[in-house]
Amino acid sequence: CTSRSFADMITDREELEHRVADFAAICSRKLRDEGSAAYCINVFLHTNRFREDLGQYYPNATERLTVPVNSTKEVVTAALKALRGIYREGYRYKRAGVTVFDIVDDDKIQGVLFGYDQDIRDKHDAISEVMDRLNSKDNQTIRLASQRRGHYADGIRREHCSGLYTTSMNDIIQIH
């Protein structure tokens with residue numbers, strides 16, 4: 001669903017948690033936009049495979065939920081739980097990502113007999129709906145506390161991106 005390479009390698013667990021929370025929030029919004037929900041939230045980490053002088057580690061973990069979800073809070077909570085299970089100190093992480101799978105239509109969600117609170121689910125759905133109405137794709141005005149401040153793409157490697165020749169006046173090619 002969402003993954004990014006970082007401009008600098010990350011060693012701090014808290015910074016990694018903020019970024020994974022951002023990626024999970026994007027996944028939850030995509031699920032809601034499609035009218036779907038997911039049973040499984042997967043998180044992966046990668047170190048820099050080109051840095052043979054550093055330790056290599058490529059873990060991933062999946063959280064399987066009893067009821068499919070698409071609310072930002074529930075997807076982020078599951079992603080952070082998976083991250084905490086695979087994070088190891090001493091590694092420099094170059095890439096992280098969140099994927100969702102085992103997707104169903106959100107109007108086909110069936111609760112379970114035990115451990116399912118419809119009132120809490122309705123509250124999470126209402127919060128996600130308000131967030132969607134207030135946030136645009138480029139402007140994340142309302143965020144969870146576990147997400148980073150600023151735009152979700154801050155700090156992402158961009159040195160190999162092509163110019164924005166049709167949308168940015170600064171990138172227009174000039175011929176003299």
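The following refers to the structure shown.

1. What to know about the overall build of the protein chain
No. 1: Scanning the protein chain for helices and strands turns up three helices and four strands.
No. 2: Secondary structure elements in the protein chain, listed N-terminal to C-terminal, are β-α-β-β-α-β-α.
No. 3: Residues classed as buried in the protein chain amount to 38% of the 176 residues present.
No. 4: Sequence separation of 24 or more characterises 78% of the internal contacts of the protein chain that already satisfy a separation of 6 or more.

2. Side note on the packing of aromatic side chains
No. 1: As enumerated under the stated definition, the model contains four aromatic pairs in all.
No. 2: Centroid distance Tyr87 to Tyr93: 5.7 Å. Interplanar angle 40°. Geometry classified as tilted. With respect to class, Tyr87 is no different from Tyr93; both count as buried.
No. 3: Feature note: the residues Tyr57, Tyr87, Tyr91 and Tyr93 constitute an aromatic cluster, connected by ring pairs.

3. What to know about the nonpolar core
No. 1: Counting residues in each nonpolar core, the largest one holds 30 residues, and the members touching the most others are Leu16, Val20, Val43 and Val98.
No. 2: Of all elements in the fold, only strand 1 (2–10), helix 1 (13–34), strand 2 (36–47), strand 3 (60–69), helix 2 (72–86) and strand 4 (93–105) reach the threshold of two or more residues within this core.

4. Considering the side chain of Asn48
No. 1: With respect to the helices and strands, Asn48 occurs in the loop between strand 2 and strand 3.
No. 2: Accessibility expressed as a relative area gives 15% for Asn48, which makes it buried.
No. 3: Residues within four places of Asn48 in sequence aside, it is in contact with Met9, Gln56, Tyr58, Arg92 and Lys94.

5. Describing the pattern of salt bridges
No. 1: Evaluation of the coordinates by the stated rule reveals six salt bridges.
No. 2: The shortest N-O distance in the salt bridge between Arg84 and Glu17 comes to 3.0 Å. Remark: Glu17 occurs in helix 1 and Arg84 occurs in helix 2; sequence separation between them is 67 residues.
No. 3: Using a relative accessible area of 11% as the deciding quantity, one classes Glu17 as buried.
No. 4: Where Arg51 meets Asp53, a salt bridge forms, and the shortest distance between an N and an O atom there is 2.8 Å.

Cut-off values and rules
- Residues numbered from 1 in each chain as written.
- Predicted model: local features only at pLDDT ≥ 70, side-chain atom pairs only at ≥ 80, totals over all residues.
- Heavy atoms only, no water.
- Helix = DSSP H or I, 4+ residues; strand = E, 2+ residues; numbered from the N terminus.
- Buried < 20%, exposed > 50% of the residue type's maximum accessible area, 1.4 Å probe, protein only.
- Contact = heavy atoms within 4.5 Å.
- Phe/Tyr/Trp six-rings, centres within 6.5 Å; stacked < 30°, edge-to-face > 60°.
- Core = buried A, V, L, I, M, F, W, Y, C linked by side-chain atoms within 4.5 Å.
- Salt bridge = Lys/Arg side-chain N within 4 Å of Asp/Glu carboxyl O.

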